[in-house]
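Residue strings, one per chain:
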Amino acid sequence: MNKSLRLLPRLAVRGSLVLAATVASLNPTLRAQVQTGIAESSAAIAPAPMIATGVMQPSASATLELVQTAQVSGTVKDEDGNALRGVVIKVKGSNKGAVTDRDGKYSLVGLSDGDVLVFSLIGYTKKEIPVAGQSVINVVLPLDVQKLNDVVVVGYGSQIKREVTGSMVKVKAAEIVDVPVPSFDVAMQGKAAGVVVTQGSGKLGQGISVRVRGAASVSAGQDPLYVLDGVPLTASFGDFGGNVGRSLNPLSDINPQDIESIDVLKDAASASIYGSRGANGVVLITTKKGKAGKTNINFSVQRGFSSPSKFLQFANTPQALEYFRRAAGASDRIDGIDPKDPDSYTSALEAYFQEQSLGLYDPSKPNDLSKVPNTDWAAAVLRNDAPSTQVDLSMSGGNEKTLFHLSGQYMEQEGIVIGNKLNRLSGRLNVEHRVSDAFKIGLNFSLARTNNNRLPGDNAFSSPLQAVALPPVSPLNDPVTGLPIGTPPGDPNIPVYYNPIIGVNNSYRNFVVLRNLGNVFGELAITEGLTLRGQFGFDVATQNEDQWFGAKTVRNSGLPLGGTTNLSQTVENFSGSAFFNYNRTFDAVALDAIAGTEYQQSRTKTTQFSAQDLPSDGFRLAAAAAKPTTIDSRQTDFTFLSYFARANVKIADKYLLNLNARVDGSSRFGANNRYGFFPAASAGWIITGEDFLKDDEVVSFLKLRASYGLTGNAEIGNFQSRGLVSGVAVYDAQPGTRPLQLPNPNLTWETTTQAEVGIDYGFLNNRISGELNVYLKNSTGLLLDVDIPGSTGFRRQTRNLGSMRNQGIEFTLNTDNVNVENFSWKTSLNVALNDNRVIDLAGQILNAGLGNLPSRAVAGQPIGVFYTPEYAGVNQENGNAEWFKNTLLPDGSRDRTRTSRYSEAQPIYAASPLPVWTGGVTNTFNIYGFDLTFQFNAVMGNRINFYGVGQYSFAGARFEDNVTVDQLNTWSPTNKTATLPETRYLIENGSQASSRFLLDGSFVRLRVATLGYNIPKQVFADAGLPITNLRLYVTALNLLTFTNYGGWDPEVNSDDFTGAGGNSVSANAAVGQGIDFYTAPQPRTIMFGINVGF
Amino acid sequence: MNTQFTKLRLFLGAAVTSVVMSACGNLLNVEPVTQIDVNADFREPLAVRVGLTGAYDGLSNRLIWGGESWCYSELLADENEIRFRGTFQYMGDVWRKTMVPLSFAATELWLTGYDAINRANRVLTVIDSLPASERNSVRGQALFIRAAVYFELVRFYGKAWGDGDNATNPAVPLILTPTSAFLSGVVTPEESRRRNSVAEVYAQILTDLRQAEELLPASSIATRANKATAAALLSRVHLMQGDFANARDAANRVIATGRYRLAPTFEECFREALPGFSGETIFRIPITEQDGVNQLNVFYSATPGGRRDMEILAKHVNLYERGDDRGAFFFTSGRRLTSKWRDQFGDIPVFRIAEMFLTRAECNFRLNTSVGATPLEDVNRIRTRVKLPPLEASALNLNAILKERRLELAFEGHLLHDAKRTRRNLVYSDQMIPFSSPRLVFPVPQREMDANKNLTQNPGY
């Protein structure tokens, strides 16, 4: 055994073609087995594998040619000791070969000592072993981590990655298994080129944004379509009210441990099978299935702690006093007021400090701070020790007729912001039963109960992170009552804003989601190669929110006797599909075709009631409330009816052709445009299948592919095409109606045309592999909430108007740097560049985000571009903040003179919220029993709108919020070289919206770092324990962050003001983004885990 | 494979497929249930009645008569008697007279105003489906609502009446028919209206109100318009135009109904629960725990409900004479706040009879008439209630009447409009701001400028 490190692959090795040929010729049943990991199961399940290539004849079942006399036999197993069936053994440089039987056995005759045997099986690492006089050669094939041989899940089927002509990316279970996140989408961050995942907030279980190749829409949804085991999921729970910011993440009801793989369909050729819902990409989630044989039991426990990934430093009492006094003096000077005047700013400020400190500050002794509190509010609301626990138990196994996977999980996490908690109890049963050779049925069923103790939306004073705005002179607790300051019977009007800490023990917002996801299916083999699959899917979610506001929260709730609210929402989403699959190989031509139909209906019912005036804080439900305040119920529905077809043709294992199409009808579309047609085509050429590259020593795999097609986006409101009259127009307790929405009977999906060219490559026996894609994605007929003249009485009409372009490059590189016994090092890197540009909006300008510093959709700019005056700095003479006028001059240039009159400065398109590029790199080391993984991800070149916080805490004393320490050194008559404008109490001087608040949001983050140790199996075998594996590990999330961002955390998207659900000035979903508004930073989590298998 | 089984399977496959296909008939026809389709509306008298209620709901919007625009009036005309200490930047901009076209205040007042106007216009076009006995009242109410909203809009977005040429000064587009696109779905270029002149808008307001006063019933509950309500609004419109005779007569018509009387104490004018409130109030916007928001409470008051954003400074308090109940009608919550809007769920009095007395007094004085009563009698009614000694006839002059009006109606949304109509220049911080300053006129909202190319922006924006 060669123990020296082999940093370079053995160039002499060749023969990847064996593998290629084998994969190409597998029959569909086996291919399905490879996909589900039961290839080694018994022969009763499927006919024996037939090898159909020019090299190995189908008739040869075990041994091919018997020419010479030397004989070798043996058994091939996987790393778990299971026999591997269908392993192709080829004698290098000859036509001889064999295939293992159901027990993994093979034998070969006619060999000579110099022969080299090549063992290969899809999904496993190929091995070459010289005969060298041996007569028994037993081989263990490890699982192959190279991506080329993966089976990828595509719409209504699966394909071998190397034969795929579209563009898709797979994330496997092993890549997300230890990552301590509540939903799998978070774990995808940085893993897949062109898939940008933005968590937005450190609050637990909130909706996050996933963008596949940029935003393809302005007003309609941008999230991809999620399909779980063939069932289209409810994508959003919608606005649920209750002032909690963004709606819950509907994906957090799926236990990530149940996921076998996540496949993201990126291009038109792969996504158009989902027609009018494919334009934002499609995420296919496949859950685990059982394997025949021994029943595997797996038990794991994780436990750890979270802390904020970054703190922002605010002024302490001496700093704040000095800063605000300077500000008040400046304001008095400017307004010409004697500081001793009772109406002066200085008088007001001194009184303010006295009030805010509950009298502990004495204006007559301005320099005596001995009794004045010095409160660190950030420390009071952020936790360094938020615990998390997760327990998993799973069992899987089966026999030739029945396979099962059973799992359960309990997890609980506490947030890094006080009062935030999440727990989930979930279970899943996946069963598959073969009724006969021709008929198979199955059930995938899961139940989850997620309980989320949520926080108010970012924009609410009651949101704990807003406590940072409170003055440090205010004591944490009222010395008289001992309760958090502002708690009655203390004066509820102090401190300056509502003290959110009061809410932690005197109110709650508890969400319970019960989610039932699953499907039943049947698969019938009709004739050779032809099967019919029917499936009924369900996704039923009940969301129940209990809110209670105790009497002590009166300042926030406005309810001196408290109040209670209950919201309940049921989303019933049913789908049914039936499709034929025809899969045959005719000589050199292999055909894989499907045709079918699908129907989906979804109904959302919401009821709400609120009541106020409770007898005491012990009563928290409406039964005891004196006054009902809100009673509300709503319902909304949509349906889709679709027909789809696809054909994959492969000729001579080199030429690949894919055609697919879908016809989609939806209740959402206007009466004049009910059905859409979405065709796509793609082709591939496996260049390494040609003679001139067939035996190349360097290039082991090369495929060129191109695709072109149409997809659509149907994510608009359910009745957006209808003219609607609303009954929400009560006046003086009388029922009323009002016009709500303009109709648009022509309304239809938006169309995305996507063209792509890509290369899949593998070098040096695929030790270096990856892909390179270039794409152009044009979206036209955008579903736009078009601003119409408000003088009509309406604000917007949803129309198909305008176009947008995304173009980009994606590059992935996987390298097997070192692979020797007991040491391996693998690297996986992905980089994606996407350029988004709104091409045409027919002259429309759409505003969203923050009112004074809007995010815009406007022709010629990237979507969400920030529109605001350009900050020029401070006037060193007078301390005034200045902006560039930027008015357009006759010669087309802009006037670069500076002005301190804000209204003279012309707003410009100042910066984009979109990253220039994103990427990730993962390094995995295996050294003896240890494994070590580092995953970094990077987001580069985006700007974040910090104005929401900055206008208060970052730019003078216009508001009474405490300021960050980096803003203290302001201009003053005695400090004229300072670069920050003079601070002026209650007067704007630079706190106006401008490019000053558009901060660089680039970051590189050590997303996941995991160190694990597998105790050698021999230890258990020696001890006679039935343990098959035992792994101990520690994993860290967000351990390191490298950024220049001036706010808390660059990975941010406020739950208010962004997207469709928040407090945005517009409903345009994609326009408002990259906004920081007291948004909770991401947690840094360290978890310790143990995983035992029996 | 066995051919028999194959046939069976083929049959099964075909059967399943055809069942699936045939079930798909009308699956795409889904009707809204939370709202109703426009084509299902306005088929019966009831729909007109509820449409009218909906128009009142539009008028009661927080931006219009829910009180927020009255805050704008007080902030924009403030002369350092208020200090805005809240976190809503757009309110601070109004106070500092540094608005920008992106202003939330300018945007939302425009949009909610036209929403209410469209609701009223819609009722006006379908009124014939009502029984004849009901038509006059409903038409009168809808005209009143439309006029009320236009009067708010013309005063904020246009130059003051008589400040330059009313016939050429742009105000707001005058829209008198419901938006046809609500039925057709087609927003035609004609919907991009230009701004009508100040004169045109005022003329329409007068036409509507005069007709309303004629059509409306003599009495109604105080949350619905009647003849007196229309007359009260007419008196404001005429006063704004400097048409003192008509303003006087309209105010006098309200007083002459005899149905309104000054509340015994000043406090009762602002406390819905106190007995004097209903006599004082000519029209009010209902606010309950179930419906409506009192924005005056939100911005002027403290917990519960209030943000205590509007600190009242000593400069204002010093304006009151010693012993004036109104001078003590403040409370302290870390800062001085007005006591007028302390009821979180208190109805908002839009017209108080005190205003009518003051309007009549001012007009009678200016015209040297005594319609209904002498100016001195009317002013002293107001003074007596707040325990001030009556003015001597020799002390009565225009300034005294205007000062009485300012103190009586402080924080009720009159400040800006009274300053403009009386041509009073403002001194704010160390700056002199003429009554005609462009800074005292709202910008046309940027979103409206972007959506409607026929609009022109106001000077200074």
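Residues numbered from 1 in each chain as written. Chains lettered and ligands numbered in written order. Predicted model: local features only at pLDDT ≥ 70, side-chain atom pairs only at ≥ 80, totals over all residues. Heavy atoms only, no water.

Some thoughts on the nonpolar core
Within the largest apolar cluster, 196 residues are counted, with the highest numbers of intra-cluster contacts made by Tyr-985 of chain A together with Trp-65, Phe-144, Tyr-150, Phe-351 and Phe-442 of chain B. Looking at this core element by element, the count peaks at 14 residues for helix 6 (residues 132-157) of chain B. Sequence-distant contacts of Phe-144 of chain B, that is, excluding residues within four places in its chain, are made with Leu-59, Trp-65, Leu-209, Ala-212, Ala-225, Thr-229, Ala-230, Leu-233 and Phe-351 of chain B. Counting residues in hydrophobic clusters, the runner-up holds 28 residues, among them Val-179, Ala-187, Val-210 and Val-212 of chain A. (Core = buried A, V, L, I, M, F, W, Y, C linked by side-chain atoms within 4.5 Å. Buried < 20%, exposed > 50% of the residue type's maximum accessible area, 1.4 Å probe, protein only. Helix = DSSP H or I, 4+ residues; strand = E, 2+ residues; numbered from the N terminus. Contact = heavy atoms within 4.5 Å.)

Some details on helix 8 (residues 198-215) of chain B
Residues and elements named next belong to chain B. Taking 1.5 Å as the rise per residue, helix 8 with 18 residues should run 26 Å; its terminal C-alpha atoms sit 26 Å apart, in good agreement. Taken together, the buried positions of helix 8 are occupied by Val-198, Val-201, Tyr-202, Gln-204, Ile-205, Leu-206, Asp-208, Leu-209, Ala-212, Glu-213 and Leu-215. The elements touched by buried residues of helix 8 are helix 6, helix 9 (227-240) and helix 10 (244-256). (Expected span 1.5 Å × (residues − 1).)

Re the sheet that holds strand 4 (residues 105-111) of chain A
Residue and element names in this part refer to chain A. Strand order in the open sheet made by the three strands is 4-1-7, with mixed pairing throughout. Edge positions in the open sheet fall to strand 4 and strand 7 (139-141), since each of these has one partner strand only. The average angle at which neighbouring strand axes cross in this sheet is 30 degrees, direction not considered. Of the strand pairs in this sheet, strand 1 (residues 70-78) and strand 4 are connected by five bridges, and their pairing is antiparallel. Across the sheet, the residue bridging to Gly-74 is Tyr-106, located in strand 4. (Pairing = 2+ DSSP bridges. Axes fitted to C-alpha atoms, helices over the stretch in contact; angles between N-to-C directions.)

A look at empty space enclosed by the protein
Residues and elements named next belong to chain A. By the definition in use, this model includes 17 cavities of 30 Å³ or more. Roughly 190 Å³ of internal volume is contained in the largest cavity. Along the walls of the largest cavity sit 22 residues, with Pro-182, Gln-199, Leu-204, Gln-413 and Pro-1083 positioned nearest its centre. Every element with two or more residues in the lining of the largest cavity is listed here: strand 19 (402-414), strand 50 (1029-1043) and strand 51 (1083-1093). A per-class count over the lining of the largest cavity returns eight nonpolar, eleven polar and three charged. (1 Å grid on protein atoms, 1.4 Å probe; cavity = no way out; pocket = protein on both sides within 12 Å on 5 of 7 lines; lining within 4 Å. Points joined across faces, edges and corners; volume = space filled by probe spheres on them. Nonpolar A, V, L, I, M, F, W, Y, C, P; charged D, E, K, R; others polar.)

Section: unusual backbone geometry
The omega torsion of the bond from Ile-494 of chain A to Pro-495 of chain A falls at 0 degrees, within 30 degrees of zero and hence cis. With an omega dihedral of 0 degrees, the bond running from Thr-303 of chain B to Pro-304 of chain B counts as a cis peptide bond. In this structure, Pro-304 of chain B sits in the loop between helix 12 (295-300) and strand 4 (310-312). Even without being glycine, Asp-229 of chain A reaches a positive phi, approximately 50 degrees. Although it is not a glycine, Asp-653 of chain A adopts a positive phi angle of roughly 60 degrees. Among the structural elements, Asp-653 of chain A can be located in the loop between strand 26 (627-651) and strand 27 (655-666). A relative accessible area of 29% places Asp-653 of chain A in the partly exposed class.

So, the confidence of the model for chain A
All names here are of chain A. Looking at chain A, the pLDDT average stands at 87 and 91% of residues meet or exceed 70. In this model, residues 1-68 is a region of pLDDT below 50 whose contacts with residues beyond four sequence positions or in other chains number 135 contacts. Low pLDDT, under 50, characterises residues 1060-1067; the stretch is placed with 24 contacts to residues that sit more than four places away or in other chains. (pLDDT = per-residue confidence, 0-100.)

What about the pattern of salt bridges?
All names here are of chain B. Using the criterion set out here, one finds 91 salt bridges over all chains in the structure. Taking the shortest distance from any N to any O, the salt bridge between Glu-412 and Arg-352 comes out at 2.7 Å. One end of the pair, Glu-412, is in the loop between helix 16 (398-408) and helix 17 (415-421); the other, Arg-352, is in strand 7 (residues 348-352), with 60 residues separating them in the sequence. This pair shows no difference in class: Glu-412 is buried, exactly as Arg-352 is. Two residues, Arg-383 and Glu-404, come together in a salt bridge whose shortest N-O distance is 3.2 Å. Taken together, the residues Arg-383 in helix 15 (residues 375-385) and Glu-404 in helix 16 connect sequence positions 21 residues apart. On the basis of relative accessibility, which here comes to 4%, the residue Glu-404 falls in the buried class. (Salt bridge = Lys/Arg side-chain N within 4 Å of Asp/Glu carboxyl O.)

Thoughts on the confidence of the model for chain B
Taken as a whole, chain B shows an average pLDDT of 94; of its residues, 94% reach a score of 70 or greater. Across the interface, the model reports ipTM at 0.93; the global pTM reads 0.85.

A closer look at helix 14 (residues 353-367) of chain B
Residues and elements named next belong to chain B. Here helix 14 contains 15 residues, and its C-alpha end-to-end distance of 21 Å stays within 8% of the 21 Å for a straight helix at 1.5 Å per residue. Taking burial as the measure, the 15 residues of helix 14 include twelve buried ones, the bulk of the element. Of all the positions in helix 14, only Ile-353, Ala-354, Glu-355, Met-356, Phe-357, Leu-358, Thr-359, Arg-360, Ala-361, Glu-362, Cys-363 and Asn-364 are classed as buried. Within two residues after helix 14, Asn-368 carries a phi angle of roughly 60 degrees, on the positive side.

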